[in-house]
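Analysis of the macromolecular model
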Amino acid sequence: MGRELHDGLCQNLAGIAALSATLSRKSTVKSEPAVSAAAAEITKLLNDSITQARDLARGLGPVGLREIGLDSALEALAHDVEQMFRTSCTLECEGLIPRLDHEVEQHLFRIAQQAVHNAVAHSRGDRIEIRLCLRDGKVLLAVRDDGVGLSEGTRDSDGIGLHTMAYRARLIGASLEVRRRTRRGTVVSCVFQLPETPGDAEDRDHARHTT
């Protein structure tokens, strides 16, 4: 699969990106700034897709996640969504989130990414909020919007990645909840229990013996 991604999909995307870049240059020469700007944006998105596909082919997961961490990757996601879709998307972090196992961070990022894209595509709202916090030894990841909310039929659908998000959560031992907000909109919540360290167990044993 990795070879097919690299030799097939990546090469096709690279060819399209080259054609788009040519279109952008020709439009600039012909004084068609709107067409040139659109073609330049398409080229950028294609190049980003090529990078992601190559990283997937190498088994690296989301671009740069290993180096920058989950919080910074989510911040970049929020920025990209604002730039790409012209909708408000913000990140709120509470507490000092420790670096997690790379596979855990990868799945949490993909869950957030899918939830954000669902909100962009289906909520018809004006604002998306990503929240990452640490509480009682648990990492809470939540994505909420102020749109129309998910109907029961949509919630059970295979078409918007809800089953994939739930599957990713199960792989890392996390829980996932998708529900309508009280007033309007949808919230996707994923809770991951931090693994216990030897020091935690010793602290609990000490507390039991001293009480």
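As a reminder, the structure under discussion sits directly above these lines.
Let me begin by describing the structure that accompanies this report.

**Here's the deal with the pairing of strand E4 (residues 175-180)**
By the bridge criterion, 6 bridges tie E4 to strand E5 (residues 186-193) in an arrangement that is antiparallel. Looking at E5, one finds that serine 175 is bridged to valine 191. Hairpin connection between E4 and E5: a loop of 5 residues separates the two successive antiparallel strands, and glycine 185 in this loop has a positive phi of roughly 100 degrees.

**Focus: the state of the cysteines**
Overall, the coordinates contain 0 disulfides when judged by the stated rule. Of the cysteine sulfurs around cysteine 93, a residue in no disulfide, the closest is that of cysteine 133, at 9.1 Å. Residue class for cysteine 93 comes out partly exposed when judged on its relative accessible area of 38%.

**Quick word on the packing of helix H5 (residues 102-123) against helix H7 (residues 162-171)**
Where H5 meets H7, the closest approach of the two axes is 9 Å, and the angle between their N-to-C directions is 160 degrees. Taken together, the axis directions place H5 and H7 in an arrangement best described as roughly antiparallel. Of the two elements, H5 crosses H7, and the hand of that crossing is left-handed. Between H5 and H7, the contacting residues are His107, Arg110, Ile111, Gln114, Ala115 and Asn118 on the first element and Leu162, Met165, Arg168, Ala169 and Leu171 on the second.

What counts, and at which threshold
Residues numbered from 1 in each chain as written. Predicted model: local features only at pLDDT ≥ 70, side-chain atom pairs only at ≥ 80, totals over all residues. Heavy atoms only, no water. Pairing = 2+ DSSP bridges. Helix = DSSP H or I, 4+ residues; strand = E, 2+ residues; numbered from the N terminus. Disulfide = S-S within 2.5 Å. Buried < 20%, exposed > 50% of the residue type's maximum accessible area, 1.4 Å probe, protein only. Axes fitted to C-alpha atoms, helices over the stretch in contact; angles between N-to-C directions. Parallel < 35°, antiparallel > 145°, perpendicular 65-115°, else oblique. Left-handed = near helix turned anticlockwise from the far one by under 90°. Contact = heavy atoms within 4.5 Å.

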